[in-house]
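A look at the structure
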Amino acid sequence: MDLRQGIGPRRPGKTADEFQQDLLSNLFYRRGTTVESASARDAYETLSLTVRDRLAERRSRTAAAHFATNPRWVYYLSAEYLLGAQLEQNLLYSDTGGLAAEAVKTLGFSLEELEDLDIEPGLGNGGLGRLAACLVDSMATRDIPAVGYGIRYDFGIFHQIITEQGQTERPDDWAFHGNPWEFPAPDDRQTVGFYGRTEPIPGSPTRKRWMPGEIVLGEPSHMLVPGYGTETVNIVRLWRARGSEASFDLSRFSAGQYAEAVQEAVRAENISKVLYPDDSTELGRELRLKQQYFLVSCSLRDIIRRFRLRNEGWAEFADKTVIQLNDTHPTIAIAELMRLLVDEYEVEWDEAWSITRRTFAYTCHTLLPEALETWPVHMFERLLPRHLEIIYLINMFFLREVEARFPGDHDRVRRMSIIAEGPERRVRMAHLAVVGTEAVNGVAELHSKLLRETVLNDFAELWPAKFQNVTNGVSPRRFVKIANPRLADLITEGLGSAAWLGDLEQLAGLEALAGDASFLERWRAIKRANKVDLAAGDPDALTDVMIKRFHEYKRQQLKLLHVIAMYHRIRADPSADWVPRTVLFAGKAAPAYHAAKEIIRLIATIAARIAADPVVSPHLRVVFPENYNVTLAERIIPAADLSEQISLAGKEASGTGNMKLALNGAITIGTLDGANIEIRARVGADNFFLFGMDAYQAAGAHQQGYSPWAYYEADGELRAALDTLRAGTFGEAGQRVADSLLGRDEYLTLADFRSYVETQDEVDQVWRDPLRWAHMSVLNTAHSGFFSSDRTVADYAARIWRVAPVPVPKAD
Ligand code: OAK
């Protein structure tokens, strides 16, 4: 007899009274306080638990439906997640916003006050991390059985402070006050080995025994990821490193050697201590490789554990499992799965390799050669000796295949090898990722094409069918509904339903309203109100935003040259009828990326100088709100008129800020780069300000003897801007930026300057016709439905993952 029959947990109620009661119960019994003495934080934690309980109930039904179905699972492995603030999203996805707003009043607080206390887990650097968050949202929304795996860094992306000296970094102790959204799962902890040595197993040619020299525990906790408009609640499982019980040395402690007593535990815990704040270049070296293996080892064992709950043997593993590698950071998973199968589960090499290859898929997020990870062989050998042996074997079989296909083409073999030869031999992670997976994709049409034609050309020739494109997307819930409630309400009114939030192509229905003057007036009024809320300058000025990581290829310096040109023009003719502009920059630079930090410093200097200039400041303002993160993006994007997407063509893999801004009715000024191309194709060339050279022109420029000086000589306005910088008018940072531009100008900033400034003049002309601008703005929103991450996930599901949704029954 099933003793539990008919018995189950009490379900959280749906009525206002029940919500209120649950809130009070949680305040008393889980927070241990009373209404009279509740602080704002008590109220925040209590509300979060009350909302979380509702999602947890859905989670239990989701888990039951998944268990019953034994479906094919998607496991998303990512070193980064930028999940954003949790409370508002979870209120929306549990449809409890109204109940919550009422209920918290009885505790003496407003919902807005409590939202201000919400955590933002900044467990990522930029685009790749935020994409991971949008994809897990959309996987749940599409009822796809999925788990996102990541690292629970104690310190997320640094807190940025901006002064006239530029950027300084402070640690981001994001969970200092606790994280009410997180469920620890200590029983699912895993043991991870590092270092040590391997020894042969007698009688087995391929199996080895690895005896690690260091053992670390990985302790998981998870956060709930609800789907929108569905019952599914998936999870993101985050691993935190801990020393084992044996890592505390009691005898040393007793002898007063306190630091030595805990040193082993500290060493272990350092693995998940900080997110590496470099976006594209490699620093931190061994500890970072340790992080990668830590994530992979814990996650793979967890995936296998989950597989074994419903399946036996290995025959079905690859049919039931797809593991998506979010860039190369988790690529060591390919060698680790081989190790687990061959060494620990005694599967024959060929079968193990067949399983492994069919299990993994790889997404590449860059074209910059310096962002393609490689690791020194000697580091691998020390840290992961068995994995290096396995990689050598994989490489040997792979290179035999290349030789068979291209007999005598030794250069090709050298180029394609997973091991780069040279004074320092290195492991090329992207090569391992292509060799060990079933599908490889870029993140926008142009990016995928350039991957096939350049960086991964040899591989695309060998396995053309493996290469695909899946254009990125963004969550319309977070980046329209939550970020821009006024616009969301107007859209819902205009379309007659809120169904667009789960089916973003419905935005096309707005086209019918783009000629309606009263609709356009309301559209404009919303943009203005959002600017008032942002409080970054005159709400009637053109708000021109460039929000993204600082990197020379993204060309914040090009925007600055335009600012200096405007500054000169206004000073030369102060009484002319200038279009008032607020130029807003926001974003972080990697702490060790000096050139990017110089650009930030220069912006800070110019902003201050213009603000103090009575002639220029009525027309032009430069602002730099500090510490750009998801929460700040949600405030800036709804207020933007103009979206700066001005990277050198061929360098930005996709961009996703470009999509968020277009969706919110900002008009793009941009190059033919990344997803800009697809945005322009959809919103229409008339509703997009295009400038600059294309990727093929850009790719040839340096070989063809590109000279920044030629542009300097030929263009008086450019020359004046650069001379101002060179003269030190805007400080040393300005001099250094000018030196770099006139030195090599790696990203062809000067070559694109004239085209950019002319296009900005066109922007001004259109801005003078407010209804025309509003019309273009509406069409940007109307035709950005393609850029929903729900569509991205549907593409992955159909073409790469081949998974079917598993609907979760409603509670009875
Ligand atoms: C980070 C580290 C290594 C390689 C790539 C990245 C990264 O963040 N890439 C960015 O990914 C985004 C999501 O696909 C793209 O939109 C950006 O263009 C790309 O730079």
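So, how was this worked out
- Residues numbered from 1 in each chain as written.
- Predicted model: local features only at pLDDT ≥ 70, side-chain atom pairs only at ≥ 80, totals over all residues.
- UniProt positions renumbered as here; feature names shortened; annotations may be inferred.
- Helix = DSSP H or I, 4+ residues; strand = E, 2+ residues; numbered from the N terminus.
- Rg over C-alpha atoms; globule rule 2.2 N^0.38 Å.
- Contact = placed C-beta atoms within 7 Å.
- Pairing = 2+ DSSP bridges.
- Core = buried A, V, L, I, M, F, W, Y, C linked by C-beta atoms within 7 Å.
- Buried ≥ 20, exposed ≤ 12 C-beta atoms within 10 Å, placed from the backbone.
- Near = placed C-beta within 6 Å.
- Nonpolar A, V, L, I, M, F, W, Y, C, P; charged D, E, K, R; others polar.
- Domains from an automatic or database assignment.
- Expected span 1.5 Å × (residues − 1).
- pLDDT = per-residue confidence, 0-100.
- Axes fitted to C-alpha atoms, helices over the stretch in contact; angles between N-to-C directions.
- Parallel < 35°, antiparallel > 145°, perpendicular 65-115°, else oblique.
- Left-handed = near helix turned anticlockwise from the far one by under 90°.
- Right-handed = clockwise from strand over helix to strand, strands pointing away.

An unreviewed UniProt entry lists the chain under the name Alpha-1,4 glucan phosphorylase, with Actinoplanes flavus as the source organism. Quoted verbatim from the Catalytic activity (unreviewed entry) heading of the UniProt record, the comment on the chain is "[(1->4)-alpha-D-glucosyl](n) + phosphate = [(1->4)-alpha-D-glucosyl](n-1) + alpha-D-glucose 1-phosphate". If you open the UniProt record of the chain and go to Sequence similarities (unreviewed entry), you find "Belongs to the glycogen phosphorylase family."

1. Quick notes on the overall build of the chain
Each helix and strand in the chain was counted, giving 33 helices and 25 strands. Expected size for 812 residues packed as a compact globule is a radius of gyration near 28 Å; at 27 Å, the chain falls within 12% of this value. Expressed as lengths along the three principal axes of its C-alpha atoms, the size of the chain is roughly 85 × 75 × 60 Å. Taking contacts inside the chain between residues at least 6 apart in sequence as the whole, the part at least 24 apart equals 76%.

2. Here we look at the environment of valine 435
Considering the arrangement of structural elements, one finds valine 435 in helix H16 (residues 429–435). For the pair formed by valine 435 and tyrosine 756, sequence separation is 321 residues and the distance between their alpha carbons is 41 Å. Filtering out sequence-adjacent residues up to four positions away, valine 435 remains in contact with Ile394, Phe398 and Ile418.

3. Considering the sheet that holds strand E17 (residues 426–428)
Strand order in the open sheet made by the three strands is E15-E17-E16, with antiparallel pairing throughout. At either margin of the open sheet sits one strand with a lone partner, and together these are strand E15 (374–376) and strand E16 (419–420). Sheet topology note: the E16/E17 ladder contains two bridges and is antiparallel. Paired with isoleucine 419 across the strands is valine 427, a residue of E17.

4. Focus on the nonpolar core
One finds Val74, Val136, Ala333, Ile603 and Ile636 to be the most contacted residues of the largest nonpolar core, which totals 235 residues. Residue contacts for isoleucine 636: discarding those within four places in its chain leaves Leu534, Val545, Ile547, Leu584 and Ala586.

5. Here's the deal with the site of the ligand
Near the ligand there are 18 residues, and of these Gly127, Leu128, His365, Ala653 and Ser654 occur at the shortest range. Here the residues of the shell around the ligand sort into five nonpolar, 10 polar and three charged. Structurally, the shell around the ligand is a two-domain feature, drawing no fewer than three residues from each of domain 1 (70–85 + 120–242 + 273–471) and domain 2 (476–787).

6. Some words on the sheet that holds strand E25 (residues 689–690)
Ordered in space as E22-E21-E20-E23-E24-E25, the six strands form an open sheet in which the pairing is parallel. Each of the sheet's edge strands pairs with one partner strand only, and the pair in question is strand E22 (620–623) and E25. Here four bridges tie strand E23 (residues 642–645) to strand E24 (residues 667–670), and the two strands are oriented parallel to one another. In the sheet register, glutamate 644 faces E24, and the bridge partner there is isoleucine 669.

7. What to know about the domain arrangement of the chain
Taken as a whole, the chain is organised into domain 1 (70–85 + 120–242 + 273–471) and domain 2 (476–787). Centre-to-centre separation of domain 1 and domain 2, based on C-alpha positions: 34 Å. Taken together, the contact pairs 43 residues of domain 1 with 34 residues of domain 2. Of the residues contributing to the side of domain 1 that touches domain 2, the split by class is 16 nonpolar, 19 polar and eight charged.

8. A short note on helix H14 (residues 385–405)
Here H14 is 21 residues long and its end C-alpha atoms lie 31 Å apart, about the 30 Å a rise of 1.5 Å per residue gives. Among all positions of H14, only Pro385, Arg386, His387, Leu388, Ile390, Ile391, Ile394 and Phe398 are buried.

9. Overview of unusual backbone geometry
In this structure, aspartate 143 takes a positive phi of about 60 degrees despite not being glycine. Mapping aspartate 143 onto the fold places it in the loop between helix H6 (127–141) and strand E4 (146–151). Among the residues examined, aspartate 143 registers 20 C-beta atoms within 10 Å and is labelled buried. In this model, tyrosine 195 sits at a positive phi of 60 degrees, which is unusual for a non-glycine residue. Within the secondary structure layout, tyrosine 195 lies in the loop between strand E8 (190–194) and strand E9 (197–200).

10. Description of the confidence of the model for the chain
With 99% of its residues at a pLDDT of 70 or more, the chain shows a mean pLDDT of 96. Note on the complex model: pTM 0.98, ipTM 0.99.

11. A look at the pairing of strand E6 (residues 166–170)
With five bridges connecting them, strand E5 (residues 159–163) and E6 associate as antiparallel partners. Residue pairing in the sheet places glutamine 160 in a bridge with glutamate 169 of E6.

12. Examining the environment of glutamate 626
Relative to the elements of secondary structure, glutamate 626 occurs in the loop between E22 and helix H24 (630–636). Classification of glutamate 626 as partly exposed rests on a count of 16 C-beta atoms within 10 Å. Along the backbone, glutamate 626 and glutamate 758 are 132 residues apart, and their C-alpha atoms lie at a distance of 30 Å. Here glutamate 626 is in contact with Gln160, Ile161 and Ile162, once residues within four sequence places are set aside.

13. Regarding the packing of H6 against helix H33 (residues 789–801)
Remark: H6 packs on H33, axes separated minimally by 8 Å, with the N-to-C direction vectors making an angle of 75 degrees. With respect to each other, H6 and H33 are oriented roughly perpendicular. Contacts between H6 and H33 pair Cys134, Leu135, Asp137, Ser138, Met139 and Thr141 from the former with Ser789, Asp790, Thr792 and Val793 from the latter. Tallied by class, residues from the contact of H6 with H33 come to four nonpolar, four polar and two charged.

14. Description of the environment of histidine 594
Its place among the elements puts histidine 594 in helix H23 (residues 594–611). Residue histidine 594 is classed as exposed on the basis of its C-beta count, with 11 C-beta atoms lying within 10 Å. Counting along the chain gives 42 residues from histidine 594 to isoleucine 636, while the straight-line C-alpha distance between them is 26 Å.

15. Brief notes about the packing of helix H22 (residues 556–572) against H23
Between H22 and H23, the shortest axis-to-axis distance is 11 Å and the interhelical angle comes to 20 degrees. Classified by the interaxial angle, the pair formed by H22 and H23 is roughly parallel. H23 is crossed by H22, and the crossing has left-handed handedness. Seen from H22, the contacting residues are Gln556, Gln557, Leu560, Val563 and Tyr567; seen from H23, they are Ile599, Leu602, Ile603, Ile606 and Ile610.

16. Quick look at the pairing of strand E20 (residues 542–547)
The element E20 is largely enclosed, with a buried count of five among its six residues. Strand direction decides the pairing type here: E20 and strand E21 (residues 581–586), joined by six bridges, are parallel. By the bridge assignment, aspartate 544 is partnered in E21 with valine 583. Crossover connection from E20 via H22 to parallel E21: handedness right-handed.

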